[in-house]
Amino acid sequence: MNTGVQKSGATPWGARTSTSAAASVPPSGYPRRTCCALPQQHGIPYAATASVGHPADFIRKIQKAAATEGPAFLHVYAPCPTGWGCGSDSTIRLGKSVVDTGLWPLVEWDHGTVRITRSLAKFDPLQTYLSEQTRFRNLNEVDIQAMALARDESWRQLLAWERETQNPCATEIM
């Protein structure tokens, strides 16, 4: 569990925590591939990301995980008002906003196939999400642009991974 108060591998770049200062430049290797890559590498049949801001998707994934033979993994986005410096009344709004800005893709890994469960034609402005949390107040416009570029690269990788798993022969032919 990562509540947002302490830094972990899941802490987003640019966020200040109680145990770290905010990063001023993205770390090498950023952006990271979605957490569904780890279960894939370990033979876990079902893994997914979910958000409290999209309860129908979340419930469907819980049901799918429960019905899966063998282990399943869910990585759920749920804001931490204390650690993130946001109001408890903003939890659902932030849960929607992080998805709509593209910073938290809703994805599932199901027995070898990746599927994006909420596709976006365009992303909402990052400022919509970042401005409600004091953990990001140190970011300037250059930082936010760097974050947007990293987000875009993550989505390119995610879309390629989805295509690759849904049509594995396509990558072999090229």
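Computed from a predicted structure; not experimentally measured.

Caption draft 1: Region of the structure containing the packing of aromatic side chains. This structure, assessed with the given rule, holds six aromatic pairs. With centroids separated by 5.7 Å and ring planes inclined at 55 degrees, the aromatic side chains of Tyr77 and Trp104 adopt a geometry described as tilted. Placement of Tyr77 in strand β2 (residues 72–77) and of Trp104 in the loop between α4 (91–100) and β3 (107–110) is noted, with a sequence separation of 27 residues between them. A residue is classified by how much of its surface remains accessible, and Trp104, at 16% relative accessible area, is buried. Relative to Trp155, the ring of Phe123 has its centre 5.5 Å away and its plane inclined at 55 degrees; by these criteria the two rings are tilted. Residue Phe123 is located in the loop between β4 (113–116) and α5 (126–130), and its partner Trp155 is located in helix α6 (residues 141–166); the two are separated by 32 residues in the primary sequence. Overall, Trp155 belongs to the buried group, its relative accessible area being 7%. Taken together, Tyr77, Trp84, Trp104, Tyr129 and Phe136 form an aromatic cluster joined through their ring pairs. Note that Arg135 overlies the ring of Trp84, its terminal NZ or CZ placed 3.8 Å from the centroid.

Caption draft 2: Layout of the nonpolar core. Core analysis: the biggest nonpolar cluster contains 17 residues, and Tyr77, Tyr129 and Leu130 have the highest contact counts within it. If you list the elements that add at least two residues to this core, you get α4, α5 and α6. The contacts of Tyr129, once residues within four sequence positions are left out, are Tyr77, Trp84, Leu94, Ser97, Val98, Thr101, Leu103, Arg135 and Phe136. If you look at the next biggest cluster of nonpolar residues, it comprises nine residues, including Ala47, Val114, Leu158 and Trp161.

Caption draft 3: Representation of helix α2 (residues 55–67) within the structure. For α2, which comprises 13 residues, the first-to-last C-alpha distance of 18 Å matches the rise-based estimate of 18 Å (1.5 Å per residue) to within 8%. Taken as a whole, α2 has its buried residues at Asp57, Phe58, Lys61 and Ala65. On an axial view of α2, the arc spanned by its buried residues comes to 100 degrees, and they lie on one face. Opposite the packed face of α2, turned more than 90 degrees from it, sit the exposed residues Ala56, Gln63, Ala66 and Ala67. Among the structural elements, β1 (46–51), β2 and β3 are those in contact with the buried residues of α2.

Conventions used here
Residues numbered from 1 in each chain as written. Predicted model: local features only at pLDDT ≥ 70, side-chain atom pairs only at ≥ 80, totals over all residues. Heavy atoms only, no water. Phe/Tyr/Trp six-rings, centres within 6.5 Å; stacked < 30°, edge-to-face > 60°. Helix = DSSP H or I, 4+ residues; strand = E, 2+ residues; numbered from the N terminus. Buried < 20%, exposed > 50% of the residue type's maximum accessible area, 1.4 Å probe, protein only. Lys NZ or Arg CZ within 6 Å of the ring centre and 35° of its normal. Core = buried A, V, L, I, M, F, W, Y, C linked by side-chain atoms within 4.5 Å. Contact = heavy atoms within 4.5 Å. Expected span 1.5 Å × (residues − 1). Arc of directions from axis to C-beta.

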